[in-house]
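# Chains, contacts and geometry: an overview
Each chain, letter by letter, is given below.
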Amino acid sequence: MSHTLGIRQAQKQKTRQALLDAALGLLEHQSLSSLGLREVTRAVGVAPAAFYRHFKDTADLGVALVEGALGSLHETIRAAIVTTGGSDERIDRAVDLIAAHVRAHPAHVRFIARERHGGVAPVREAIGVQLRRFADEVAEALGTDPESRGWSAADLRMLAGVYVDHMVMTASAILEAGADADADGGEEAARRAEEAVLATARRQLRLVTLGRRHWLD
């Protein structure tokens, strides 16, 4: 009996993941507010009624996509902030981690960039909750840094928000620059466009670093 239940549970999880994967693929060229559940179930090859065994509606599916897209980012963001070495080395490491994540998960990045200010309220709220969690974690990490000695909790949280916003902005810019350049000039143009975005991101982080050093002045 337990073996049968285990098989059913595994199949249910497999179908759920297939629905998420299909939705993510369909969302490459449209927003969640325009996505129909029949599109998703058709792509998976299941009846529309099967959708409701896993999600209440497309907004519920979108929230699950947010958790999948951003849940794995916690360690990446923490690593980007607390990496060791000199300031330039730390900046290079942070930007490289962001670029690597975009290359590995372009569909997730595209979904978050589009839906962060999109028309589906539960999904916007879910993204906001995750980004606030990131900022809380980064603020905690920054608090252990000797450079943060004397900073108030509110100022650490403000700085953490700057870092998190910058990461999201950089990830979106990498994706957009690569797509635009690839459409116009091929792979080499996309590589140059990405490098330009990364160079700007490094300069922006150096500016934040300078301001951080003199904040208590």
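Before reading further, recall that the structure is shown in the block above.
Residues numbered from 1 in each chain as written. Predicted model: local features only at pLDDT ≥ 70, side-chain atom pairs only at ≥ 80, totals over all residues. Heavy atoms only, no water.

### As for the packing of helix 4 (residues 58-71) against helix 8 (residues 121-143)
It is at 8 Å that the axes of helix 4 and helix 8 come closest, and there the two elements cross at 20°. Our classification of the angle between helix 4 and helix 8 gives roughly parallel. Pair helix 4 / helix 8 crosses with right-handed handedness. Contacts from Ala59, Gly62, Val63, Val66, Glu67 and Leu70 of helix 4 reach helix 8 at Pro122, Val123, Ala126, Ile127, Gln130 and Phe134. The residue inventory of the contact of helix 4 with helix 8, partitioned by class, reads nine nonpolar, two polar and one charged. (Axes fitted to C-alpha atoms, helices over the stretch in contact; angles between N-to-C directions. Helix = DSSP H or I, 4+ residues; strand = E, 2+ residues; numbered from the N terminus. Parallel < 35°, antiparallel > 145°, perpendicular 65-115°, else oblique. Left-handed = near helix turned anticlockwise from the far one by under 90°. Contact = heavy atoms within 4.5 Å. Nonpolar A, V, L, I, M, F, W, Y, C, P; charged D, E, K, R; others polar.)

### Some remarks on a nonpolar patch on the surface
Taken together, the side chains of Met158, Val162, Trp215 and Leu216 make up a nonpolar region of the molecular surface, amounting to roughly 380 Å² of accessible area. Note that Leu216 resides in the segment after helix 9 (153-213). (Patch = residues over 30% accessible without salt bridge, like charges linked within 9 Å, V, L, I, M, F, W, Y side chains within 5 Å. Areas by Shrake-Rupley, 256 points an atom, 1.4 Å probe, with all protein chains shown as cover. Salt bridge = Lys/Arg side-chain N within 4 Å of Asp/Glu carboxyl O.)

### Notes on the nonpolar core
If you look at the biggest cluster of nonpolar residues, it comprises 60 residues, and the most contacted ones within it are Leu65, Val66, Phe111 and Val123. Breaking this core down by element, the ones donating at least two residues are helix 1 (2-26), helix 2 (37-44), helix 4, helix 5 (73-82), helix 6 (87-104), helix 7 (106-115), helix 8 and helix 9. Per element, the largest residue contribution to this core is 16 residues, and it comes from helix 9. (Core = buried A, V, L, I, M, F, W, Y, C linked by side-chain atoms within 4.5 Å. Buried < 20%, exposed > 50% of the residue type's maximum accessible area, 1.4 Å probe, protein only.)

### Observations regarding the layout of surface pockets
In this approach a probe as big as a water molecule rolls over the atoms, and the regions it shows empty are the leftover space. Of the volumes computed, that of the largest pocket is approximately 260 Å³. Considering the residues around the largest pocket, the lining is formed by 14 residues, among which Ile174, Leu175, Gly178, Ala179 and Glu194 are closest to the centre. Each residue belonging to the lining of the largest pocket can be placed in one class, and the counts come to seven nonpolar, one polar and six charged. (1 Å grid on protein atoms, 1.4 Å probe; cavity = no way out; pocket = protein on both sides within 12 Å on 5 of 7 lines; lining within 4 Å. Points joined across faces, edges and corners; volume = space filled by probe spheres on them.)

### Remarks on the packing of aromatic side chains
Scanning the model with the defined rule gives three aromatic pairs in all. An angle of 80° between the planes, with centres 5.7 Å apart, marks the rings of Phe51 and Tyr52 as edge-to-face. By relative accessible area, which is 0% here, Phe51 ends up buried. In textbook terms, an aromatic cluster arises when at least three aromatic residues are bridged by ring pairs, as seen for Phe51, Tyr52 and Phe55. (Phe/Tyr/Trp six-rings, centres within 6.5 Å; stacked < 30°, edge-to-face > 60°.)

### Examining the side chain of Arg202
For Arg202, the location among the structural elements is in helix 9. In this structure Arg202 comes out as buried when scored by relative accessible area, which is 15%. Leaving out residues up to four positions away in the same chain, Arg202 has contacts with Ile91, Asp92, Val95, Asp96 and Glu195.

### Some thoughts on the packing of helix 7 against helix 8
Here helix 7 crosses helix 8 at 110°, and the two axes come no closer than 10 Å. For the element pair helix 7 / helix 8, the angle class is roughly perpendicular. Once helix 7 is placed against helix 8, the crossing between them reads as left-handed. Each of Phe111, Ile112 and Glu115 in helix 7 lies in contact with helix 8, whose residues at this interface are Val123, Arg124 and Ile127. Considered class by class, the residues forming the contact of helix 7 with helix 8 number four nonpolar, no polar and two charged.

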